[in-house]
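Below, each chain spelled out in residue letters.
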Amino acid sequence: MTEPGSAAWPPAPITTERLVLREPEARDRAAFIDLSASPEVGTYVGGARPRAELERVVPEVPGRRPGLFVVELDGTMIGFIQLLDRRAPEHPGHVRPEGGEAELGYMFLPHAWGHGYAAEACTAALEWFADALPGEPVVLTTQTANARSMRLAAKLGFTEVERFEEYGAEQWFGVWSPLAAQPG
C-alpha cells in the first residue's frame, strides 16, 4: 500500500471545463460554514451543525490538509472533495484485509446540485489520484437513501462491494480502481 504522504501536496490547481480544484484559502471560510450549517447538505451526514458554533470553531483557513480540494466555480467555492483520508480498519467495508484504502468524500452547496459539478470535479480528482498513486483503489461509502450520491457513484465507475448498517441507516460501500477506470 502506498502511504498518503507520498503524493505531492498541494498539487497545482486542477482546471476542468467549468471548475477549478485547488487548496483551501481563507476566502473559503464562509462557504465551509454554509456547508456544515445547511440542513439540506446535512441530511445524510448527521445533520446540520449550529452556525454560531461553526463561527467559533472553523479556522481562518478551513480544510487545509492533504487530499482536500475546494471546488470553485467562477471564482467562488461551491463545495469540496476529499481524497487521501485512509479508511480506518475498524470501520465496516474494505477491499483490503488491513484496510487503509483512500476514501472519496464530497459536499456541495445546494445551489450547485443538479448541474453535473460533482461528477466533473470528482472525475478530475480521481484522475489526479490515479496519476499521483498509480494502482491504488479508492473507496466510497454513502447511504443507500441518498439517491444523488448513489447516482454519482455509478457515474464515476464505483462498483458495489457490500452494504451494511451504520449510523442507523443502510450504507452502500463501493470501490473505484484506476486500472479498471482506464479505457482499454
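Note that the coordinates shown come from a computational prediction; the quantities given were computed from them, not determined experimentally.

Each value, and the rule that gives it
- Residues numbered from 1 in each chain as written.
- Predicted model: local features only at pLDDT ≥ 70, side-chain atom pairs only at ≥ 80, totals over all residues.
- Heavy atoms only, no water.
- Pairing = 2+ DSSP bridges.
- Helix = DSSP H or I, 4+ residues; strand = E, 2+ residues; numbered from the N terminus.
- pLDDT = per-residue confidence, 0-100.
- Contact = heavy atoms within 4.5 Å.
- Buried < 20%, exposed > 50% of the residue type's maximum accessible area, 1.4 Å probe, protein only.
- Arc of directions from axis to C-beta.
- Core = buried A, V, L, I, M, F, W, Y, C linked by side-chain atoms within 4.5 Å.
- Axes fitted to C-alpha atoms, helices over the stretch in contact; angles between N-to-C directions.

What about the pairing of strand β8 (residues 159-166)?
One ladder, built from seven bridges, connects β8 with strand β9 (residues 169-176); its direction is antiparallel. Residue pairing in the sheet places Thr159 in a bridge with Val175 of β9. Taking the residues between adjacent antiparallel strands as the criterion, β8 and β9 are bridged by two residues, where Tyr167 takes a positive phi near 55 degrees.

Brief notes about the confidence of the model for the chain
With 91% of its residues at a pLDDT of 70 or more, the chain shows a mean pLDDT of 89. Per-element averaging of pLDDT across the chain places helix α6 (residues 178-181) at the bottom with 58 and strand β2 (residues 19-22) at the top with 98. Predicted confidence for residues 1-5 stays below pLDDT 50, and this span has 12 contacts to residues more than four positions away or in other chains.

Observations concerning helix α5 (residues 147-156)
Listed as buried for α5 are Ser149, Leu152, Ala153 and Leu156. Viewed along the axis of α5, the buried residues span an arc of 100 degrees, placing them on a single side of the element. With respect to the buried face of α5, the exposed residues turned more than 90 degrees away are Arg151, Ala154 and Lys155. Where the residues of α5 are buried, they touch β6 (105-108), α4 (117-132), β7 (138-143) and β9. One or two steps after α5, the chain reaches Gly157, where phi turns positive at roughly 95 degrees.

Section: the nonpolar core
Ranked by internal contacts, the top residues of the largest apolar core, which has 36 residues, are Leu21, Ile81, Leu104, Phe108 and Phe158. Of all elements in the fold, only β2, β3 (68-73), β4 (76-82), β6, α4, β7, α5 and β9 reach the threshold of two or more residues within this core. The biggest single contributor to this core is α4, with 11 residues. If we ignore the near neighbours within four places in the chain, the residues touching Phe108 are Leu35, Val41, Val71, Ile78, Gly79, Phe80, Ile81, Trp113, Tyr117, Ala118 and Ala121. Phe32, Val41, Leu68 and Met107 belong to the second-largest nonpolar core, a separate cluster that totals 10 residues.

Some thoughts on the sheet that holds strand β1 (residues 14-15)
The strand order β1-β2-β3-β4-β6 describes an open sheet built from five strands, whose pairing is antiparallel. With partners counted over all chains shown, the strands left at the sheet margins are β1 and β6, one partner each. As paired strands, β1 and β2 are joined by two bridges and run antiparallel to one another. Across the sheet, Ile14 pairs through a bridge with Leu21, a residue of β2. The strands that helix α1 (residues 29-37) touches are β3, β4 and β6; relative to β4, the one it contacts most, it runs at about 65 degrees.

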